[in-house]
Amino acid sequence: MNYWLVKSEPDTYGWHHFIAQGRATWDGVRNYQARNNLKSMTIGDQVLFYHSVTNPAVVGLATVVREYFQDPTVPDDARWVAVELEPVMSFEKTVTLAQIKAEPMLSTISLIKQSRLSVMPVRTDEFELILKLGQTTSEALSISAEE
DNA sequence: GCCAACGTTGGC
DNA sequence: GCCAACGTTGGC
């Protein structure tokens, strides 16, 4: 089980779009480091969904339902890949970037260290703390995952 | 809207 | 291979 964080601008593709759609092809990544992270995702990995630019915050939890494949938006360019994600649950409270920056235990998170990376790994302790800050309990998580 | 950070491109 | 120019991301 790996933990990740993906960014999306809510004005372009927000959490509510994702919920409404029920599944998303995570394509359009054009950065090698982010691409490598997509390639490392395995089915069942947990993915924090982060809104960038407008009210920056972690807003929900998703999971990987299809491992990497050719990015369908550039079928002739084998460099780029996509994965498919499904929403698991919305946070009770969004966890803002300001909160994350204010939390000493999160001072080394890639979100802060590499502010421009759009797909990044998250450590287990970081993941658990962010879930806690979102008032998202592991019990609620397992119930949600079973539904 | 501005600007810092940083990845990419292209000239040499 | 170096580095200046340029484009993009994303916080504020």
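Fair warning: this is a prediction, and the values are worked out from it, not measured in the lab.

## Quick look at the overall build of chain A
- On a plain count of helices and strands, chain A comes out with seven helices and six strands.
- Walking chain A from its N terminus toward its C terminus, one meets helices and strands in the order β-α-α-β-α-β-β-β-α-α-β-α-α.
- Scaling as 2.2 N^0.38, a compact globule of 147 residues should have a C-alpha radius of gyration of about 15 Å, and chain A matches this with 14 Å.
- With respect to the principal axes defined by its C-alpha atoms, chain A has extents near 45 × 35 × 30 Å.
- The burial tally for chain A puts 46% of its 147 residues in the buried class.
- In chain A, the proportion of contacts linking residues at least 24 apart, taken out of those at least 6 apart, comes to 68%.
- Within the structure as shown, chain A displays about 7700 Å² of accessible surface, and the carbon and sulfur contribution to it stands at 50%.
- The average position of the 13 basic charges and that of the 18 acidic charges among the side chains of chain A differ by 9 Å.

## Observations concerning the protein's contact with DNA strand B
- Around DNA strand B, the structure places Asn-31, Tyr-32 and Arg-116.
- Here the atoms of DNA strand B within 4 Å of the protein split so that 55% fall in sugar or phosphate, with bases taking the remainder.

## Some points on the layout of surface pockets
- Reported here for the largest pocket is a volume of approximately 230 Å³.
- Lining the largest pocket are 13 residues, with Lys-7, Ser-8, Trp-26, Asp-27 and Ser-118 positioned closest to its centre.
- Elements represented by at least two residues in the lining of the largest pocket include exactly strand 1 (3–8) and strand 2 (24–26).
- Ranked by residues supplied to the lining of the largest pocket, first place goes to strand 2 with three residues.
- When grouped by side-chain class, the residues that make up the lining of the largest pocket number four nonpolar, five polar and four charged.

## Remarks on the nonpolar core
- Ranked by size, the top nonpolar core spans 43 residues in total, and within it Trp-26, Leu-48 and Val-58 carry the most contacts.
- The element that contributes the greatest number of residues to this core is strand 5 (residues 81–96), accounting for seven residues.
- The residues contacting Trp-26, other than those within four sequence positions of it, are Val-6, Lys-7, Ser-8, Tyr-13, Leu-38, Phe-49, Val-81, Ala-82, Val-83, Leu-85 and Val-119.

Scoring rules and cut-offs
Residues numbered from 1 in each chain as written. Chains lettered and ligands numbered in written order. Predicted model: local features only at pLDDT ≥ 70, side-chain atom pairs only at ≥ 80, totals over all residues. Heavy atoms only, no water. Helix = DSSP H or I, 4+ residues; strand = E, 2+ residues; numbered from the N terminus. Rg over C-alpha atoms; globule rule 2.2 N^0.38 Å. Buried < 20%, exposed > 50% of the residue type's maximum accessible area, 1.4 Å probe, protein only. Contact = heavy atoms within 4.5 Å. Areas by Shrake-Rupley, 256 points an atom, 1.4 Å probe, with all protein chains shown as cover. Lys, Arg positive; Asp, Glu negative; His and termini not counted. Charge placed at Lys NZ, Arg CZ, Asp CG, Glu CD. Near = heavy atom within 4 Å. 1 Å grid on protein atoms, 1.4 Å probe; cavity = no way out; pocket = protein on both sides within 12 Å on 5 of 7 lines; lining within 4 Å. Points joined across faces, edges and corners; volume = space filled by probe spheres on them. Nonpolar A, V, L, I, M, F, W, Y, C, P; charged D, E, K, R; others polar. Core = buried A, V, L, I, M, F, W, Y, C linked by side-chain atoms within 4.5 Å.

Purely spatial values, then, with no claim about function.
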